[in-house]
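Observations on the three-dimensional arrangement
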Amino acid sequence: MTQRISMMGCLIDNLSMEETLHRVDGFIRAGTPHQHVVVNVDKLVKASRAPELRRIINDCDLVSADGMPVVWAARLLGKPLKERVAGIDLFEALMERAAERGWRVFLLGAREEVVARVRALYEQKYRGLVIAGHRNGYWSAAEEINVVEQVGASRADLLFVAISSPKKEQFLGQYQARMQVPFAMGVGGSFDVAAGLVRRAPRWMQRAGLEWFYRFLQEPRRMFRRYFIDDVAFLWLFLKEAARL
């Protein structure tokens, strides 16, 4: 069992990217359903206000730290993490590994034209990649069970869910056992990045913890509240936890 740290009420696996990939290998071999989640500043803030989201995160089989501020905060709290495991980097690495090992992939989320483009791009990029199915991320409550059955019938080994938080965590928490996908992962806006609709920050900004600011510059009206109002609470959560040391 890997060592987990506890930060702001959430458990995080202290794993490198390579160790994370090794854990996923084990999940695929086991064949039983496993849920993965990444935690960043926004997720920790949301979890502090929503006990059910926090419970889902802590029940996940694999929890990765996505975001340099989370890595820095853990270090300052005396709980150093090996490295940041960004969701989009893990997604890319797993798509490549799926092509190499014959794993079946299901893509769920985003607009229809976006998820279809992601499918086409990766089928072209990785010869031999098996996309077991794809579906957009827009459905009514009445349609939800049909989505679950579609994923289950695909016999996918990997499921990537590109819908917003906390909806994706709740969806997987509720239906993973029914869908029986060995590894399911929420990837947020990764499909938009993969499809070329949103640009990723340069490496130096990623290392400097400024990827969020690069994202804000691309979509200021949409991201202002998240970054400059909601997520400011992260500083308060950090100070409260530091005071208990």
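The preceding data block contains the structure.
Scope of this entry: the structure provided in the associated data block. (Residues numbered from 1 in each chain as written. Predicted model: local features only at pLDDT ≥ 70, side-chain atom pairs only at ≥ 80, totals over all residues. Heavy atoms only, no water.)

**Some thoughts on the sheet that holds strand β5 (residues 104-109)**
Put simply, the test is: For two strands to pair, DSSP has to find at least two bridges joining them. Note on conventions: DSSP H or I runs of at least 4 residues are helices, E runs of at least 2 residues are strands, and numbering of each starts at the N terminus. The axes used here are C-alpha line fits, helices contributing only the stretch in contact, and every angle between their N-to-C directions lies in the interval 0 to 180 degrees. Here, two residues are considered to be in contact whenever any of their heavy atoms come within 4.5 Å of each other.
The six strands are arranged β4-β3-β8-β7-β5-β6 in an open sheet whose pairing can be described as parallel. Unpaired on one side and paired on the other, β4 (62-65) and β6 (130-135) mark the two borders of the sheet. The mean angle between the axes of side-by-side strands here comes to 20 degrees, regardless of whether they run parallel or antiparallel. As paired elements, β5 and strand β7 (residues 158-162) share five bridges and run parallel to each other. Counted as the bridge partner of Phe106 is Leu159 from β7. The strands touched by helix α6 (residues 112-125) within the sheet are β5 and β6, with β6 carrying the most contacts at an inclination of about 175 degrees. Sheet strands in contact with helix α7 (residues 144-153) are β5, β6 and β7, and its direction is about 165 degrees off that of β5.

**Digging into the nonpolar core**
Inclusion rule: Nonpolar cores were defined as sets of buried Ala, Val, Leu, Ile, Met, Phe, Trp, Tyr and Cys residues, with membership established by side-chain atoms within 4.5 Å. Buried, partly exposed and exposed residues are distinguished by accessible area as a fraction of the type maximum, computed with a 1.4 Å probe on protein chains only: under 20%, between the cut-offs, and over 50%, respectively.
Within the largest apolar cluster, 33 residues are counted, with the highest numbers of intra-cluster contacts made by Leu94, Met95, Leu107, Leu158, Phe160 and Phe191. Elements with a minimum of two residues in this core: α1 (17-30), α5 (87-101), β5, α6, β7 and β8 (183-186). Here the element with the most residues in this core is α5; it accounts for six residues. When neighbours within four sequence positions are excluded, Leu158 is seen to be in contact with Val24, Ile28, Leu94, Ala98, Trp103, Arg104, Val105, Phe106, Val181 and Phe183. Counting 25 residues, the second-largest nonpolar core is a separate cluster that includes Met7, Met8, Ile57 and Ala233.

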